[in-house]
Structure formats: structure tokens, C-alpha cells
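Letter by letter, the chains look like this.
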Amino acid sequence: MVKDKIDTPALYVNPDRSVAVIDYSKKFVKNAFQLANSDEFRQLAALYLDNDSYHNTPSEFSQVSVDDFMNTMKDILIDRMADLKYPVRDILDTVKDFYAFYRSLLRVSTINMHQNDIVANNFMNIDNHFNELVLELYRNVEEKLQGHANHLYRQVNAGTNACILTQTIKWPVPDIYEKLAGIQFIDTLMVRPPMMVHTKSNKREGTFSETRQNPIDNFTGHRDSWYCYPAWVGESLAYIYFDRDYFANGIALGNLFHLADRQTVQGRKPDIILLFGSKGAKSDNDDGCHYYYDDQNHIYVGQVPYNDKTTYFGYMKKMVLTLHNLHMINVHKLPIHGSMVNITFSNGKTKSVVFFGDSGAGKSEAIEALQEVANDKIISIETIFDDMGSFTLTKDGNDIYAQGTETGAFVRLDDLSSEVAFSNMDLGIYMNPELSNARCIIPANSYEEIIKHHPVDMWLYANNYDSDIGVHRFEDEDAAKDVFVSGKRKALGTTDEVGMSTTFFANPFGPVQRQKDTQPIIDKVFHTMFKKGTFVGEIYTHLGNDKKKSSLNESAEKLLELMMK
């Protein structure tokens, strides 16, 4: 029988999801020889040997039994080269292939701190030690087989890509959520960027719908295979629970949402709970993503099913933001699907600008174009939010301020200028970089900055369907509202949509689901904007038409002139 995964207390490997989880709390090896003789090393070798699809360089040695493989490794390590039963070249090819197979996995190590400050302060050193052992073992075997030392050494992440420090935290768990009480929270996260992650899906489909049954009723997750990333999403506290097969997404959260600390979590009930990789209710009659409002505990609960499709990071990001937006609507704040930047110009002026629109409308591209055409006219551009934010009316109803949700950005690689791409390359987590719609999650700003109360000087709809050039200001409140509320755009293939489409308020992540509750907030915001004289308009991005960079740059130049007046 071919073995398809490893599931032991100290090691979990699922090649189908390209993930490996190493639990140092269950077992930690002290030296390279102990590593080579460990049960976990043996199981990993068996997994590799039993599956021909993992053999990129097939050889006689790649077909041996695991006993022969392990005995051969021992002979090499103790310098019994004369006892080798197989050609040295075949052994070397297989060892390199085995090493490449292991490194092709997303390798995450975990340590439970058990309230131990010594562990908490040294968890990165523990992980560094393991990485050094893996590299030492591989180089020792490689150099003995090739008969000479290497002339070029590459200090790659041989052991792990990331390490997480976990702990069990007591929070006021309502009885209905008791199943979640024992699941470990991520306390600290260490990643080794740039990280290349490969998932089985590269596009998000559909929207998220309401369910009549609380997803917690169908939750069957266990503390040994589930983790919780406690996140600040704007000012919403979210407990994001995920199955370990979704570690690619769970790790990527670190570059996108601020990790809440133990003092915040302890003794506090969340606004949002997401169960990522959990079964839905039978009554839903589909295999989609759902949310439920627990009005008794005032918690929005989301559920995303375990399947290949939902490995795309967009599902985790957008479900979290949907739940946040629904919570915002509950507290009479307006969710904004867009990008906000604070721009400082060389003439001393500053502008806070919000670019608004659905996926592919050209929000991020418009900001990139501004940077390209500005030359030395722009001193700095600070990102407040890259995808989702909120507008809040002041208590007197005479003004509006904006806040962000994310500390990072989930961006298409194709849309990044070389300057931005290379300046952030060493910090990024890259998703399927070889495929279309390749994405990168990069840090953008601090949490303290994104939740400040930011004024709004300009609010621009990203129009990717009209052939006009430049910027158009709306003089009429109702005309402006019609454009923003209709959410018109040409789809660019970032979702499953094609051609022209309309989405209520250009935001399928909350406002679409609760249009009746969102519309009064929209009316108040537009009335306040026009009463105050805020610039409300649209910028023509051309992304849905000719896609010429020159057209967008020309529009950006017109916008630059307006902002500097």
C-alpha cells in the first residue's frame, strides 16, 4: 500500500497540500546523527520512496526499500563508503532528489510555550538549530558521495520556512463554542522570507452567503490539527481557526493582519470567528462559504469548507473581511472596498485619497501610476488600506474619518511596478508565482497607523470601462451615488466573472449581503461628503479596455495636477 501522508505526534506531512508540520514540543533532535536515525526521518524517506511521482531523477537507488535507504545513510555517515551496495552516482542523485522533495513542502515548526518564558525567548534559536542540523546532514552526505567539498555554499532554509510559538489562552468561551476552548493560539510567528508557496487553487469563485445554522454545530476540529490566529482586523477582534493543511494561508496572515497579543485575547470575546476547513450545514445544499450571525453572543461566525478550491488565499482574506464588514454595518460604519493613501507633495501639500472599486477596477494600479509619473513631485505615499477600509460619521454628523483593516497588501505580481516589487521582495510571501493571477503578500503599514482617524480629501471611483482620460468630479450627489452604488466594472479574470458586471456598492463582501442595512449609511456618507465639499469623482484606469499603461499614466498625471493645486 502506497503511503500518502505522515501523521505522528512530532511530524505531520501531507504532500497533497505541500505542507509539513514539525512539533518541537513533542520531539527535538540535538545533532545530525540523531536526526538521521530518527523515526521521523525514516517515515519521510518511506513516503518519498513509495511514491514514484516524487522522483524527479529516477535511479536504481530511488527504488530501494526504506531499510536499505536508512542503512546506506548510516554507512555514509560513519565513512563505510566501501560497503555501499549501489552506484555512488545513483545514491547522490536520489539524496538530492529526496532533499528537494522535502524542501518543496511548506515546512512549519511549532513550539508550545506552556507559559515558559525561556521557551518564548529562545524559540527562534531552537528553530535555527534545526535548520542547521538539516543543512549539516545534507552537506555531510553530499560531500562524502561526491568526494570533495563544495566550492559554493547556499544558505537556504533547509529545515523550515516558518516557526510558530503557540499557547493555550483562556477567553470567555460561550457554551456553544466549547469545542474551540482547547485549540492553541498563535502567540508569535517567525517567517523566513521571501517565501514561495504553492496551492492547488489560484482563483476565488462566488460570494459568501448567510446560513441558518451556526457553523460551530458542525465543527469537528481537534487541538492537535487546528490552530487559531487571533487578528485585529481594523478594530474588530477576529479568531481565525484553520486546519493545519491550510498552513500556507495561516502563515500568510502574518503579513496581512496584525497578530493580537495574549493580553488582548485573554478575557475577551471576539467580534468574529472563522472556521477555515470545516464542514457546512446540511441544510445549505451547497459546498460554498457561509456566515452566521450569533445574535445572542454578538459574534459573526464564518465557515469555509475543506477542498482544493479554498486553498487560494483569497478565500481566507475575503471571508475575514466579509465578517469584519458585516460587523461594521452592525455598528453603522460603511465598509469601503478600495485603497487609501496619504500623499505628501514636494510643495508641502498633503492629500488623503481613497480609490474605490471592485476587484480589477484599477485601484492599486492608479496608485502605482501616480508614483511613476510624479518624479520628484511626491515625497511619500503612505498606505492606510490596500483593499478594505471603513468610513465613520462623527457624532455630530458633520464629518467623516477613514480607518484601515490590513497591515499588509495582497497584490497581483503582474500589476506591481519593478520598483515596488524589488523593494519589498525580501519581505514577501509569494503565492503560485509561476501561474496567472500570481500574488504576493507584503507588509504595508503598522497597525497603530491604520486605525487612526484619517480625514478623506478625495474619493475616486476606479472606472475601468469608459474610454475617457483623466479625472471627472461629480457635481451632483445623486449622480455620484448612482455610479458608486452600481459598482460597474469589466472583470479582469481575478475572480470567476467575465465581461461587464455590476456589484452593489462595488463590495461583494458585506454590503451585497446586507444591502437594506447598508443603503442608509451610504446615503448619510454621501450627504456629508457633498455638504462638506469633499472631492468625489472617478478616475479612468482603462484596465478593462485597451489596458495601455500610457492611458492610465495620463489619467494619473491629470490627477496629480488636481491634487497639487
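The rules behind the values
Residues numbered from 1 in each chain as written. Predicted model: local features only at pLDDT ≥ 70, side-chain atom pairs only at ≥ 80, totals over all residues. Heavy atoms only, no water. Phe/Tyr/Trp six-rings, centres within 6.5 Å; stacked < 30°, edge-to-face > 60°. Lys NZ or Arg CZ within 6 Å of the ring centre and 35° of its normal. Helix = DSSP H or I, 4+ residues; strand = E, 2+ residues; numbered from the N terminus. Expected span 1.5 Å × (residues − 1). Buried < 20%, exposed > 50% of the residue type's maximum accessible area, 1.4 Å probe, protein only. Axes fitted to C-alpha atoms, helices over the stretch in contact; angles between N-to-C directions. Parallel < 35°, antiparallel > 145°, perpendicular 65-115°, else oblique. Contact = heavy atoms within 4.5 Å. Nonpolar A, V, L, I, M, F, W, Y, C, P; charged D, E, K, R; others polar. Pairing = 2+ DSSP bridges. Disulfide = S-S within 2.5 Å. 1 Å grid on protein atoms, 1.4 Å probe; cavity = no way out; pocket = protein on both sides within 12 Å on 5 of 7 lines; lining within 4 Å. Points joined across faces, edges and corners; volume = space filled by probe spheres on them.

## Focus: the packing of aromatic side chains
And step 1. According to the stated counting rule, one finds 36 aromatic pairs in the structure shown.
And step 2. Each residue in the set Phe 41, Tyr 48, Tyr 54, Phe 61, Phe 69, Tyr 86, Phe 98 and Phe 101 is aromatic and connected to the rest through ring pairs, giving one cluster.
And step 3. Over the face of the ring belonging to Tyr 12 we find Arg 244, whose NZ or CZ atom lies 3.6 Å from the ring centre.

## Considering helix 4 (residues 88-103)
And step 1. The end-to-end C-alpha separation of helix 4 is 22 Å, in line with the 22 Å expected for 16 residues at 1.5 Å each.
And step 2. Taken together, the buried positions of helix 4 are Asp 90, Ile 91, Leu 92, Asp 93, Thr 94, Val 95, Asp 97, Phe 98, Tyr 99, Phe 101 and Tyr 102.

## Considerations on the packing of helix 9 (residues 363-374) against helix 14 (residues 549-564)
And step 1. Two numbers describe how helix 9 lies on helix 14: the axes approach to 8 Å, and their chain directions differ by 75 degrees. As far as their axial angle goes, helix 14 and helix 9 are roughly perpendicular. Packed against helix 9, whose contacting residues are Glu 365, Ala 366, Ala 369, Leu 370, Glu 372, Val 373 and Ala 374, the element helix 14 presents Lys 549, Leu 552, Asn 553, Ala 556, Glu 557, Leu 559, Leu 560 and Met 563 at the interface.
And step 2. Broken down by class, the residue content of the contact of helix 9 with helix 14 amounts to ten nonpolar, one polar and four charged.

## Focus on the pairing of strand 19 (residues 400-404)
And step 1. The element strand 19 is largely enclosed, with a buried count of five among its five residues.
And step 2. Residues of strand 19 alternate between two faces, with Ile 400, Ala 402 and Gly 404 on one and Tyr 401 and Gln 403 on the opposite face, all of them buried.
And step 3. Two strands pair when backbone bridges link them, and strand 18 (residues 388-393) and strand 19 are joined in this way by five bridges, in the antiparallel orientation. From the neighbouring strand, Leu 393 faces strand 19, where its bridge partner is Ile 400.
And step 4. Between strand 18 and strand 19, which pair antiparallel in sequence order, lie six residues; one of them, Gly 397, sits at a positive phi of approximately 75 degrees.
And step 5. Where strand 19 and strand 23 (residues 454-455) come together, two bridges link them in antiparallel fashion. Looking at strand 23, one finds that Tyr 401 is bridged to Pro 455.

## Digging into unusual backbone geometry
Across residues other than glycine, the phi torsion is negative in most instances, and most of the peptide bonds are trans.
And step 1. Here the residue pair Pro 193 and Pro 194 is connected by a cis peptide bond, since its omega of -5 degrees sits within 30 degrees of zero.
And step 2. Secondary-structure assignment places Pro 194 in the loop between strand 6 (184-191) and strand 7 (195-197).
And step 3. At Asn 432, a position not held by glycine, the phi torsion is positive, near 45 degrees.
And step 4. Relative to the helices and strands, Asn 432 is located in the loop between strand 21 (429-431) and strand 22 (439-443).
And step 5. Here His 542, not a glycine, exhibits a phi torsion of approximately 65 degrees, which is positive.
And step 6. As for its position among the elements, His 542 is in the loop between strand 28 (535-540) and helix 14.
And step 7. Of the residues examined, His 542 reaches a relative accessible area of 3% and is grouped as buried.

## Observations regarding the sheet that holds strand 21
And step 1. Read across the sheet, four strands follow the order 7-21-22-20 without closing on themselves; strand pairing throughout is mixed. Taken across any chain shown, the strands that pair with only one partner, and hence form the sheet edges, are strand 7 and strand 20 (408-412). Neighbour-to-neighbour, the strand axes of the sheet open up by a mean angle of 20 degrees, direction not taken into account.
And step 2. For strand 20 and strand 22, the ladder comprises five bridges, and the chain directions are antiparallel. Looking at strand 22, one finds that Ala 409 is bridged to Ile 442.

## Notes on the state of the cysteines
And step 1. The tally for this structure, following the rule as stated, stands at zero disulfides.
And step 2. Cys 163 takes part in no disulfide bond, and the closest cysteine sulfur, belonging to Cys 228, lies 18 Å away.

## Details of empty space enclosed by the protein
And step 1. Considering all chains together, one arrives at five cavities of 30 Å³ or more under this definition.
And step 2. Size it by volume and the largest cavity reaches roughly 470 Å³.
And step 3. Looking at the lining of the largest cavity, the elements with two or more residues in it are strand 2 (11-14), strand 3 (19-23), helix 2 (39-49), helix 3 (66-77), helix 4 and helix 5 (117-146).
And step 4. Considering every element that reaches the lining of the largest cavity, the biggest residue donor is helix 5, with five residues.
And step 5. Put simply, the second largest cavity is a space of about 70 Å³.
And step 6. Forming the boundary of the second largest cavity are Arg 17, His 198, Thr 199, Lys 200, Asp 245, Tyr 246, Ala 248, Asn 249 and Thr 311.
And step 7. Its residues assigned to classes, the lining of the second largest cavity comprises two nonpolar, four polar and three charged.

Geometric descriptors of this kind do not, in isolation, establish any biological role.
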